[in-house]
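A closer look at the structure
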Amino acid sequence: MRNIRRSPLGIVSAAVLASVAIGAPPALADPPPTLQLGFHNGYCSTTEVSVPADTPFNIDIDTGFQFTDQSEFRIPALKIRVILPSAYFSPRARVAISPQPRGPIPFELMTPKQSGSAGDGCWGTIHVW
């Protein structure tokens with residue numbers, strides 16, 4: 001059999017190509033969309049929001065000026081119930097939602113009457129398009 005010699009340049013090229021193919025970082029995906037809701041003193045600042053279909057998304061709820069830890073965010077159709085923090089602590093809550101098909105998703109932001117809040121809560125809709 002013939003003695004095959006490789007040039008140093010050929011060995012380096014093969015090593016670089018292999019490291020690029022094996023060690024390449026994964027493509028960065030776009031972060032999921034984030035919907036913003038405000039729930040202050042028992043009232044909602046937004047009751048209608050939209051998000052694309054078949055995409056996971058987050059809902060950030062600002063509970064500044066909500067002085068009770070008995071308030072809730074609920075999406076009954078998805079069996080989601082989150083107790084919201086009061087303004088005395090971290091006045092934000094994040095809810096991660098899995099991809100949803102097209103259509104409306106009703107939600108509720110509620111606070112008990114005995115909480116001292118001026119409002120009792122609100123109902124809204126997430127429009128998935």
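Description of the structure in this document. Bear in mind the structure is a predicted one, so any value in this text is a computation, not a measurement.

**Details of the overall build of the protein**
- The number of helices and strands found in the protein is 1 helix and 9 strands.
- For the protein, the sequential pattern of α-helices and β-strands runs α-β-β-β-β-β-β-β-β-β.
- Buried positions account for 34% of the 129 residues belonging to the protein.
- Put simply, 60% of the contacts in the protein that link residues at least 6 apart link residues at least 24 apart.
- Of the accessible surface of the protein, which amounts to about 8600 Å², a share of 61% is contributed by carbon and sulfur atoms.

**So, the pattern of salt bridges**
- In the structure shown here, the tally under the stated rule is 6 salt bridges.
- Two residues, D60 and R94, come together in a salt bridge whose shortest N-O distance is 2.6 Å. Here D60 is found in strand β4 (residues 57-62), whereas its partner R94 is found in strand β7 (residues 92-97), with 34 residues between them in sequence.
- Given the relative accessible area of 15%, D60 is considered buried.

**Here we look at the packing of aromatic side chains**
- According to the stated counting rule, one finds 2 aromatic pairs in the structure shown.
- Ring geometry for F65 versus F67: centroids 6.5 Å apart, planes at 80 degrees, classification edge-to-face.
- Assessed through its relative accessible area of 45%, F67 is described here as partly exposed.
- Seen in terms of ring centroids, F73 and F107 are 5.9 Å apart; in terms of plane orientation they differ by 35 degrees. Their pairing is tilted. Here F73, found in strand β5 (residues 72-75), pairs with F107, found in strand β8 (residues 103-110); they are 34 residues apart in sequence, far enough to count as distant.
- Residue classification places F107 among the buried residues on the basis of a relative accessible area of 1%.

**Quick notes on the state of the cysteines**
- Inspection of every chain in the model, using the stated rule, returns 1 disulfide.
- With its sulfur 1.5 Å from that of its partner, C44 forms a disulfide with C122. Because the torsion about its S-S bond is -40 degrees, the bridge between C44 and C122 counts as left-handed. Here C44 is found in strand β2 (residues 43-44), whereas its partner C122 is found in strand β9 (residues 121-128), with 78 residues between them in sequence.

**Description of a nonpolar patch on the surface**
- There is a patch of nonpolar side chains on the surface, built from F65, F67, Y88 and F89 and spanning about 560 Å² of accessible area.
- Here F65 shows up in the loop between β4 and β5.
- Look at F65 and you get exposed, because its relative accessible area is 58%.

**Things to note about the nonpolar core**
- By size, the foremost hydrophobic cluster in this structure holds 22 residues, and its most contacted members are L37, I59, I61, F73, I75, L109 and I126.
- Looking at this core, the elements that each hand over two or more residues are β1 (34-40), β3 (48-51), β4, β5, β7, β8 and β9.
- Setting aside anything within four residues of it in sequence, one finds I61 in contact with L37, F39, F73, L84, P91, R92, A93, V95 and L109.

Scoring rules and cut-offs
- Residues numbered from 1 in each chain as written.
- Predicted model: local features only at pLDDT ≥ 70, side-chain atom pairs only at ≥ 80, totals over all residues.
- Heavy atoms only, no water.
- Helix = DSSP H or I, 4+ residues; strand = E, 2+ residues; numbered from the N terminus.
- Buried < 20%, exposed > 50% of the residue type's maximum accessible area, 1.4 Å probe, protein only.
- Contact = heavy atoms within 4.5 Å.
- Areas by Shrake-Rupley, 256 points an atom, 1.4 Å probe, with all protein chains shown as cover.
- Salt bridge = Lys/Arg side-chain N within 4 Å of Asp/Glu carboxyl O.
- Phe/Tyr/Trp six-rings, centres within 6.5 Å; stacked < 30°, edge-to-face > 60°.
- Disulfide = S-S within 2.5 Å.
- Patch = residues over 30% accessible without salt bridge, like charges linked within 9 Å, V, L, I, M, F, W, Y side chains within 5 Å.
- Core = buried A, V, L, I, M, F, W, Y, C linked by side-chain atoms within 4.5 Å.

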